[in-house]
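# Residue-level structure breakdown
Residues per chain, in single letters:
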Amino acid sequence: MTEKEIIKRLTELRSLAQKHKLDISEEIKQLEAKLVNGNSSQDATWKKVELARHNDRPTTLDYIDIIFDDFLELHGDRSFSDDPAMIGGIALLNDKPVTIIGQQKGRNLKENVMRNSGMALPDGYRKALRLVRQAEKYGRPVISFVDTQGAYPGVSAEERGIGEAIARNLKEFFSVRVPIVVIIIGQGGSGGALGIGIGDYVIMLENAIYSVISPEGCASILLRDASKAKYAASIMKLTARDLLRFEIIDTIISEPTGGAHQNPEVTAAKIKLELVKVLNKLISRPQEQLVKNRYEKYRRMGVFIEKNAKKKSGFLKRFLRKE
Amino acid sequence: MSRLTRKFKAWFRTAFIHRPLITHRIKDGDERLFVERKQECPACHKHLSPDELESSLFVCPGCDHHFRLTPWERIKYTADGGVFHEFCADIESFNPLDFPEYEQKLTTSKKKTGLNEAIVTGICRVEGQEVVLGIMAFQFMGGSMGSAVGEKVTRALLLGMEKKMPVIIFTASGGARMQEGILSLMQMAKTSAAASVLEEHKIPFFIVLTDPTSGGVTASYAMLGDVILAEPSALVGFAGRRVIEGTIKQKLPENFQLSEFQQEKGFVDAIVQRKDLRKTLAFLVKTHMNVKKVWR
């Protein structure tokens with residue numbers, strides 16, 4: 001689309017919206033963004049990738065400081081070690097206890113080495129699971145902050161079964177009988193993110209990304225050219241808006257202009273508002289319903305063709321609804 | 001809900017929804033068993049004639065190298081009489097992200113392998129006992145898990161739950177199917193959710209790790225079996241070898257991520273020779289099903 005076309009389409013949409021009282025502010029915003037960021041959506045997507053990885057982007061602990069009172073960090077997976085890349089603990093949200101888990105990136109070079117850039121080991125995932133089970137035992141809701149480029153791809157991780165650790169988390173999170181709310185605050189990298197990313201309600205920040213592989217990885221494997229990361233990012237559909245369209249996430253929280261780091265307090269306040277709203281709703285549900293809904297939410301994910309699928313009438317469909 | 005309604009619903013579902021079941025009879029000389037292979041062992045470079053290979057179940061007699069098998073070959077060696085009732089055969093992938101060249105890749109893979117997707121699922125008997133069997137095909141786009149594979153695995157697990165049959169899955173996969181982006185990642189969640197349902201209903205779930213199993217499949221249902229078997233020297237891991245070498249900036253040992261390594265580290269129950277697999281699976285099914293009846 002050229003600039004002229006965009007402007008034409010914008011005026012069209014605006015007049016339509018007024019005429020029929022439709023809410024198409026999303027589309028209008030998208031077009032406006034196109035005008036600002038140059039024509040190609042490639043640049044706009046890459047800007048988000050850069051923002052999600054920005055050095056000054058608020059980390060899990062930054063948000064915990066602002067949103068919660070009295071955070072007590074709990075360490076260790078009780079079987080091997082304590083992984084600094086994955087943190088967890090108990091805190092108060094408006095005087096009510098919650099359990100928090102999340103990946104933690106370093107905020108300076110030294111801390112980043114200690115935190116392994118937020119790439120967790122199996123120990124980290126096992127710690128998260130331990131804390132989630134503990135939360136379930138004492139009826140505390142779980143809040144999970146996702147911010148990682150992926151699980152640590154190293155020898156120690158393989159030796160201690162990173163695959164098994166993530167797989168077990170995926171399975172166990174589906175039987176947890178307290179609400180789990182997931183917030184993707186920065187990078188949601190593949191299985192490493194999903195390992196603590198199963199929840200009843202998934203929130204994503206506007207400039208966060210969530211994908212099955214990094215744009216660089218996708219470019220080098222599928223396009224056989226690592227320098228095409230920018231292009232890869234644009235076709236991978238990894239932005240919050242794309243994910244909302246695929247119903248992978250439930251809501252997007254907008255960030256201040258220029259990214260969350262421009263004003264962490266405002267971003268945190270918005271997260272807190274959403275958290276309180278969602279938790280109040282989730283906590284009132286019966287536990288069985290909670291587990292069932294979580295299962296059904298993920299059961300629906302994925303699109304495929306089924307040629308011989310029989311069309312069932314409404315009644316039959318309802319009658320045969322299983323699981 | 002009364003027991004009768006539940007029973008009726010289960011019957012109705014199997015009768016009308018899981019239809020059509022396609023029955024395959026894989027016998028010697030079946031055209032699907034003809035696979036072009038080099039007549040040489042890739043490990044020890046010994047020359048092997050096709051007859052020799054077939055009689056040894058595609059295991060090199062010299063160095064015990066296990067060749068990769070197609071689903072039809074697996075069925076022949078696993079199912080009683082090669083009889084296999086395939087279900088959900090009509091589930092196929094499409095291109096939800098409009099990813100360039102994805103459709104072409106799917107078409108060529110379909111043509112090359114004669115399969116619709118990277119997994120074949122169905123019902124068969126193993127030494128007389130009915131099981132739900134899923135066999136992944138590494139030949140189909142590296143056995144990658146997209147929405148269709150995820151759905152077929154999930155349905156296989158749920159079918160096991162409904163029919164109270166144990167579920168056996170042979171894994172062989174490079175991981176999630178990147179062309180489907182985040183949707184392929186969510187298949188890890190979906191299949192694991194089904195595995196948690198299976199656990200809740202106490203239905204046995206067995207995994208046979210075959211060469212190679214990695215990425216998103218390792219980090220989901222492949223590690224969730226009640227018993228996890230593996231073929232000798234099968235590659236089993238999460239991150240790829242080259243990725244790890246790039247991170248630690250040094251060469252990895254030869255046996256890294258092989259099934260022997262995984263057994264040593266405690267993630268594989270047993271390594272089973274291909275000729276013993278059928279017997280072992282039958283033993284597992286026998287020891288897991290109807291135990292209450294026997295011991296009452």
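Cut-offs applied
- Residues numbered from 1 in each chain as written.
- Chains lettered and ligands numbered in written order.
- Predicted model: local features only at pLDDT ≥ 70, side-chain atom pairs only at ≥ 80, totals over all residues.
- Heavy atoms only, no water.
- Helix = DSSP H or I, 4+ residues; strand = E, 2+ residues; numbered from the N terminus.
- Rg over C-alpha atoms; globule rule 2.2 N^0.38 Å.
- Buried < 20%, exposed > 50% of the residue type's maximum accessible area, 1.4 Å probe, protein only.
- Contact = heavy atoms within 4.5 Å.
- Areas by Shrake-Rupley, 256 points an atom, 1.4 Å probe, with all protein chains shown as cover.
- Lys, Arg positive; Asp, Glu negative; His and termini not counted.
- Charge placed at Lys NZ, Arg CZ, Asp CG, Glu CD.
- Domains from an automatic or database assignment.
- Buried area = accessible area lost by both parts, 1.4 Å probe.
- Salt bridge = Lys/Arg side-chain N within 4 Å of Asp/Glu carboxyl O.
- Patch = residues over 30% accessible without salt bridge, like charges linked within 9 Å, V, L, I, M, F, W, Y side chains within 5 Å.
- Phe/Tyr/Trp six-rings, centres within 6.5 Å; stacked < 30°, edge-to-face > 60°.
- Lys NZ or Arg CZ within 6 Å of the ring centre and 35° of its normal.
- pLDDT = per-residue confidence, 0-100.
- Axes fitted to C-alpha atoms, helices over the stretch in contact; angles between N-to-C directions.
- Parallel < 35°, antiparallel > 145°, perpendicular 65-115°, else oblique.
- Nonpolar A, V, L, I, M, F, W, Y, C, P; charged D, E, K, R; others polar.
- Core = buried A, V, L, I, M, F, W, Y, C linked by side-chain atoms within 4.5 Å.
- Pairing = 2+ DSSP bridges.
- Polar contact = N/O pair within 3.5 Å; in protein donor to acceptor, adjacent residues only side chain to side chain.

For chain A, the helix and strand inventory stands at 15 helices and nine strands. Relative to its length of 323 residues, chain A is compact, with a C-alpha radius of gyration of 21 Å against a globular reference of 20 Å. Projected onto its principal axes, the C-alpha positions of chain A cover 60 × 60 × 45 Å. Out of the 323 residues in chain A, the part that is buried amounts to 52%. Here the contacts in chain A between residues at least 6 apart in sequence split such that 71% fall between residues at least 24 apart. Carbon and sulfur atoms provide 52% of the accessible area of chain A, an area that totals close to 15100 Å². Averaging the positions of the 52 positive and the 41 negative side-chain charges in chain A gives two centres separated by 7 Å.

The next point concerns the domain arrangement of chain B. Residue and element names in this part refer to chain B. Assigned domains of chain B: these are domain 1 (3-33 + 70-295) and domain 2 (36-66). For domain 1 versus domain 2, the separation of C-alpha centres amounts to 25 Å. Residue-level contacts link ten residues of domain 1 with seven residues of domain 2. Between domain 1 and domain 2, a total of about 770 Å² is buried, with carbon and sulfur atoms accounting for 47% of that surface. Scanning the region where domain 1 abuts domain 2 turns up two salt bridges. A salt bridge links Arg-37 to Glu-73, with the nearest nitrogen and oxygen atoms 3.0 Å apart. At the level of elements, helix 3 (71-78) and helix 9 (274-288) are the ones that each hand at least two residues to the side of domain 1 that touches domain 2.

Throughout the structure, instances matching the rule amount to 39 salt bridges over all chains. Here Glu-92 of chain B makes a salt bridge to Lys-110 of chain B, at a shortest N to O gap of 2.9 Å. Residue Glu-92 of chain B is located in strand 3 (residues 91-92), and its partner Lys-110 of chain B is located in helix 4 (residues 102-113); the two are separated by 18 residues in the primary sequence. Look at Glu-92 of chain B and you get buried, because its relative accessible area is 7%. You can call Lys-110 of chain B partly exposed: its relative accessible area is 24%. Salt bridges sharing partners connect three or more residues here, namely Arg-299 and Glu-306 of chain A together with Glu-151, Arg-155 and Lys-190 of chain B.

To continue, consider a positive patch on the surface. Positive charge collects at one region of the surface, where Arg-3, Arg-6, Lys-7 and Lys-164 of chain B lie side by side. Locating Lys-164 of chain B in the fold gives a position in the loop between helix 5 (147-163) and strand 6 (167-173).

Here we come to the packing of aromatic side chains. This model, assessed by the stated rule, comprises three aromatic pairs over all chains. Considering the side-chain rings of Tyr-63 of chain A and Phe-145 of chain A, the 6.5 Å spacing of their centres and the 5° angle between planes classify their relative orientation as stacked. Placement of Tyr-63 of chain A in helix 4 (residues 60-67) and of Phe-145 of chain A in strand 4 (residues 142-148) is noted, with a sequence separation of 82 residues between them. Residues Tyr-63 of chain A and Phe-145 of chain A agree in their burial class; the two are buried. A cation sits over an aromatic face here: Arg-32 of chain B above Trp-72 of chain B, 4.6 Å from the ring centre.

The interface of chain B with chain A comprises 64 residues on the first partner and 57 residues on the second. Each partner contributes to the roughly 5300 Å² buried at the junction of chain B and chain A, and carbon and sulfur atoms together form 71% of this total. The three residues of chain B that bury the most area against chain A are Met-178, Ile-182 and Phe-238 of chain B, which together make up 12% of that side's buried surface. Here chain B is connected to chain A by three salt bridges. Of all the elements in the fold, those that place two or more residues in the side of chain B that touches chain A are helix 1 (3-17), strand 3, helix 5, helix 6 (181-200), helix 7 (241-248) and helix 8 (259-265) of chain B.

Moving on to the confidence of the model for chain B. Per-residue pLDDT for chain B averages 88, and the proportion of residues at 70 or more is 96%. Our summary of model confidence lists the complex with pTM equal to 0.87 and ipTM equal to 0.90.

Our focus in this paragraph is the packing of helix 3 of chain B against helix 9 of chain B. All names here are of chain B. Viewed as axis vectors pointing N to C, helix 3 and helix 9 meet at an angle of 60°, and their least axial separation amounts to 9 Å. Relative to helix 9, the element helix 3 is oriented oblique. Across from Arg-74, Tyr-77 and Thr-78 in helix 3, the residues of helix 9 making contact are Arg-274, Leu-277, Arg-278 and Leu-281. Taken together, the residues that form the contact of helix 3 with helix 9 break down as three nonpolar, one polar and three charged.

Turning our eyes to something else, we now look at the environment of Leu-273 of chain A. As for its placement among the helices and strands, Leu-273 of chain A is situated in helix 13 (residues 264-283). Classification of Leu-273 of chain A as exposed rests on a relative accessible area of 65%.

Glancing now at the environment of Leu-235 of chain B. Summarising the element assignment, Leu-235 of chain B is placed in the loop between strand 8 (227-230) and helix 7. In this structure Leu-235 of chain B touches Thr-210, Asp-211, Pro-212, Thr-213, Phe-256, Gln-257 and Leu-258 of chain B, once residues within four positions along its chain are discounted.

Once that is clear, we can look at the nonpolar core. Of all hydrophobic cores here, the largest spans 172 residues; its most connected members are Phe-68, Phe-145 and Tyr-210 of chain A together with Phe-205 of chain B. Sorting elements by how many residues they give to this core places helix 6 of chain B first, with eleven residues. Beyond its immediate chain neighbours, meaning those up to four positions away, Tyr-210 of chain A contacts Ile-184, Gly-188, Ala-193, Leu-194, Met-204, Leu-238 and Leu-243 of chain A together with Ile-182, Leu-185 and Met-186 of chain B. With nine residues, the next largest nonpolar core counts Cys-41, Leu-48, Phe-67 and Tyr-77 of chain B among its residues.

On domain assignment, one finds that chain A holds domain 1 (3-37) and domain 2 (49-299). Relative to domain 2 of chain A, the C-alpha centre of domain 1 of chain A lies at a distance of 33 Å.

The pairing of strands in a sheet comes from backbone hydrogen bonds and takes either a parallel or an antiparallel form. Residues and elements named next belong to chain B. Strand order in the open sheet made by the eight strands is 1-2-4-5-6-7-8-9, with mixed pairing throughout. Both edges of this open sheet fall to strand 1 (22-25) and strand 9 (270-271), since each of them pairs with a single strand only. With six bridges joining them, strand 6 and strand 7 (residues 205-213) adopt parallel strand pairing. Its bridge partner lying in strand 7, Thr-171 is registered against Leu-209. Where helix 5 meets the sheet, it contacts strand 2 (83-86), strand 4 (119-126), strand 5 (129-136), strand 6 and strand 7, and its direction lies at approximately 25° from that of strand 4.

Let's shift gears to the pairing of strand 7 of chain B. Residues and elements named next belong to chain B. Within strand 7, eight of the nine residues are buried, leaving the element largely enclosed by the surrounding structure. Alignment of strand 7 against strand 8, held across four bridges, turns out to be parallel. Paired with Leu-209 across the bridge in strand 8 is Ala-230.

A word on the side chain of Ser-93 of chain B. One can find Ser-93 of chain B in the loop between strand 3 and helix 4. When its relative accessible area of 5% is taken as the criterion, Ser-93 of chain B is described as buried. Within the structure, the side chain of Ser-93 of chain B is placed 2.3 Å from the side chain of Glu-117 of chain B, a separation counted as a polar contact. Within the local environment of Ser-93 of chain B, its side chain forms a polar contact with the side chain of Arg-177 of chain B, the two groups lying 3.3 Å apart. Setting aside anything within four residues of it in sequence, one finds Ser-93 of chain B in contact with Ile-305 of chain A together with Tyr-102, Leu-106, Glu-117, Ala-148, Arg-177 and Glu-180 of chain B.

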